[in-house]
Amino acid sequence: MSMNQEIARRFADAAAILEITGANAFRVNAVTKVARLLEEMPEDIGAIADDPKALARIDGIGKSSAEKISEYAETGTIEDFDVLRASIPAGLIDVLALPGLGPKTVGLLWKKGDVTDVETLEAKIDAGELTAIPRMGKKTLDNIKDAIEFSRRSAGRIRLGDAMPLAERLVESISAAEGVTRIAYAGSLRRGRETIGDIDILAAADAPESATEALTSLPDVEKILLSGATKTSVRLEQGVQVDLRIVPESIFGAALMYFTGSKEHNVMLRERAIQRGMRLNEYGLFEDDGEKEPPQNRGMRPVAAETEQAIYEALELKPTPPELREEIQAETDHVAEDLITLESVKAELHAHTKASDGTMTLEELIQQARSRGFHTLAVTDHSKSSVQANGLSVERLLEHIDAIHDANARHDDINVLAGSEVDILADGSLDYPDDVLAKLDWVIASPHSSLRQDPDKATRRLLRAIEHPLVHAIGHPTGRLINEREGLSPDMARLLEAALEHDTALELNANPWRLDLRDRHVRMAQEAGVMVTVDTDAHGPSDFDLLRYGVMTARRGGLGSALCPNCWTEGKLLSWIRSKR
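Read on for an overview of the structure. Note that residues are indexed from 1 along each chain, following the sequence as it is written. Totals for whole chains, interfaces and linings use every residue, but because this is a predicted model, local features are given only for residues with pLDDT of at least 70 and side-chain atom pairs only at 80 or more, for both listing and counting. Side-chain numbers here rest on the full set of heavy atoms in the structure, without hydrogens or water.

The subject of this paragraph is the sheet that holds strand 10 (residues 347–351). Only when DSSP finds a minimum of two bridges between them are two strands counted as paired. Here a helix means four or more residues in a row that DSSP labels H or I, a strand means two or more in a row labelled E, and each is numbered from the N terminus. What the seven strands build is an open sheet, ordered 10-11-12-13-14-15-16; its pairing is parallel. Since the sheet does not close on itself, it has two edges, and those belong to strand 10 and strand 16 (532–535), each with one partner. Relative to strand 15 (residues 505–509), strand 14 (residues 473–474) runs parallel, the two sharing two bridges. Bridge pairing in strand 15 links A473 to A505. In this analysis, two residues are considered to be in contact whenever any of their non-hydrogen atoms come within 4.5 Å of each other. Note on geometry: axes are C-alpha line fits, over the in-contact stretch for helices, and angles between N-to-C directions span 0 to 180 degrees. Sheet strands in contact with helix 17 (residues 394–410) are strand 11 (376–382) and strand 12 (415–423), and its direction is about 155° off that of strand 12. Contacts between helix 23 (residues 570–579) and the sheet are confined to strand 10, strand 11, strand 12, strand 13 (442–446) and strand 15, with strand 12 contributing the most and set at about 45° to the helix.

On to the sheet that holds strand 5 (residues 221–227). In space, the five strands of this open sheet follow the order 2-4-7-6-5, with mixed pairing throughout. Strand pairing shows two members of the sheet lacking a second neighbour, strand 2 (180–185) and strand 5, which therefore form its edges. Ignoring which end each strand starts from, the neighbouring axes of this sheet average 20° apart. Summarising the sheet, strand 4 (residues 199–205) and strand 7 (residues 241–247) pair through six bridges and their orientation is parallel. Bridging across to strand 7, I199 finds its partner in V242. Packed onto the sheet, helix 13 (residues 252–260) meets strand 2, strand 4 and strand 7 and runs at close to 175° relative to strand 4.

Looking now at the pattern of salt bridges. Salt bridges are defined by distance alone: a side-chain nitrogen of Lys or Arg within 4 Å of a carboxyl oxygen of Asp or Glu. Scanning the model with the defined rule gives 27 salt bridges in all. For the salt bridge of R85 with D13, the shortest nitrogen-to-oxygen distance reads 2.9 Å. Separated by 72 residues along the polypeptide, R85 in helix 5 (residues 79–86) and D13 in helix 1 (residues 3–20) bring together distant segments of the chain. Only protein chains enter the calculation, and the probe is 1.4 Å; a residue is then buried if its accessible area is under 20% of its type maximum, exposed if over 50%, and partly exposed in between. Judged by its relative accessible area of 34%, R85 falls in the partly exposed class. In this structure, the salt-bridge partner of E326 is R191, at a minimum N-O distance of 3.1 Å. Of the two residues, E326 is situated in the loop between helix 15 (308–314) and strand 10 and R191 in the loop between helix 11 (187–190) and strand 3 (195–196); the sequence distance between them amounts to 135 residues. Like E326, the residue R191 is buried in the burial classification. Because the salt bridges share partners, they merge into one network encompassing R191, R193, E326, D519 and R556.

In this section: empty space enclosed by the protein. Here a cavity is any set of points on a 1 Å grid over the protein atoms alone where a 1.4 Å probe fits but cannot get out, and a pocket is any open set with protein on both sides within 12 Å along at least 5 of 7 lines; a residue lines the site when it has an atom within 4 Å of a point. Grid points are joined across faces, edges and corners, and a volume is the space filled by probe spheres set on the points. Enumeration according to the criterion identifies one cavity of 30 Å³ or more in this entry. In this structure, the largest cavity occupies an estimated 70 Å³ of space. Lining the largest cavity, in full, are A254, M257, Y258, N266, L269, R270, L280, N281, E282 and I311. Listed by contribution, the elements that provide at least two residues to the lining of the largest cavity are helix 13, helix 14 (263–275) and strand 8 (278–281). Gly is placed with the polar residues, together with every amino acid not listed as nonpolar (Ala, Val, Leu, Ile, Met, Phe, Trp, Tyr, Cys and Pro) or charged (Asp, Glu, Lys and Arg). Here the lining of the largest cavity is composed, by residue class, of six nonpolar, two polar and two charged.

Further remarks concern the packing of helix 10 (residues 160–175) against helix 12 (residues 208–216). In contact at an axis separation of 8 Å, helix 10 and helix 12 are set at 140° when each is read in the N-to-C sense. When the axis of helix 10 is compared with that of helix 12, the two are oblique. Every pair of crossing elements has a handedness; the one defined by helix 10 and helix 12 is right-handed. Here L170, S173 and I174 of helix 10 lie close against helix 12, whose contacting residues are A211, A214 and L215. Residue classes in the contact of helix 10 with helix 12 are distributed as five nonpolar, one polar and no charged. Note on terminology: angles under 35 degrees are roughly parallel, angles over 145 are roughly antiparallel, angles of 65 to 115 are roughly perpendicular, and the others are oblique. Each crossing is labelled by how the near helix is turned from the far one, with a counterclockwise turn of less than a right angle marking it left-handed and a clockwise turn marking it right-handed.

This is the structure we're talking about:
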């Protein structure tokens, strides 16, 4: 875990404890904001952690927070937070994480019911010891017990690649209901986060009950948590909560903007509205007439509400793509004019056949790439050290190169490159000798083993591969698996510096188990002028469909097509590839 993540976790825990103890809401929000800022910050906070003044110059980090960050960097702890943590039983943070339990309820259970963790909560419910507490009737306690069971079954967030197809199926089912005129998923899913807590769906409908019925009657709905005219919440068998909100079509854009978030982006827009004498909320953008009562309650007509674009235009802003609404907090001039899109990708530079661990023949792989409109395909089966992936010996590789070149000669509408996904061994050396690598058209070098190396060793290992004159790209550089394996934690700034010097690309692997490079690393690469390839790592035909997750992650990092070789013209791409030979 990086220092950013370590300190962010401590601030997040502190915010949770402050909520439980009933601290001032402004203090809770301030601590939460620092936690989120550190979690998303691409730069290593450790580089300036010993300088509180430099920390305090970062927007969102005040003097007190800066001192705490410096304290942690020096001592490995934050005394104020240790005192705060000691003020409550440690297990209460886990209780707060249960679905549907807010801080006031958790505080009540602790102070009135002597609940100290999830285990004592469950035991006291079973023993009937909490029924005397105010607002703790049988139905409430049954719901809490149900939440405990649900939390155990679905611990953690689900990956983007699992959430997206599910949300699209739900949207399709609800959109078919009578009277539904507009519908979209929102929240962190629309922003393209790598993991999703729940699924938010927004619908405009003439007959709300029809849309509600379309959701609650689905066969995989395990429990209806709430059913009303404007909001319905259900829990699916897949362990996911779905929240459906129904609004008039006339305010759909304002509601979509609000429920897409992030909180920080919405706050920025509201502040901009105030500066222009207006008020912005989920009902629209209104002229501010100085009254305290919300304008929608007084029948005021909004300046803009039906579309997000209309609101941005009224605020004199370029529309911010949903993927950037966490990263871009102010004016959108920082968004690359050529921000990558799914349609702009014209090449696949990391794909496997049956020669190693893929399921497609060479011809089947070529046909898949052709069907996507790609002008170039690099065939990159595994190297010999990936025994578990049927990696190719030198002899098999040489035969494979010949077969690929023969196929390329037969297909004049697509460039088929003889490549390899070459293992980066623990010391940074490559899995094939240089004379063999030189016979390949394309080399993507990837770490597959020794993925718990300390950061210094990992950095030296990857630097050696980046600096190799025959390597075009570094595949999934950290080797992480989302929700499964943290992978390597190299010094990304040093890797990017070397990549720029040696004209080497870093890969954003689009497989939703990987999404490696991370979005914040992509942003660092974009700012440094380093090339980022976006590849599916296809092993089967359907894997080409994973490209959209890579593109969403690339957009979260602000990647422009100019720095993505997959988006280049055929001539430009092949010219760069050949320059390494």
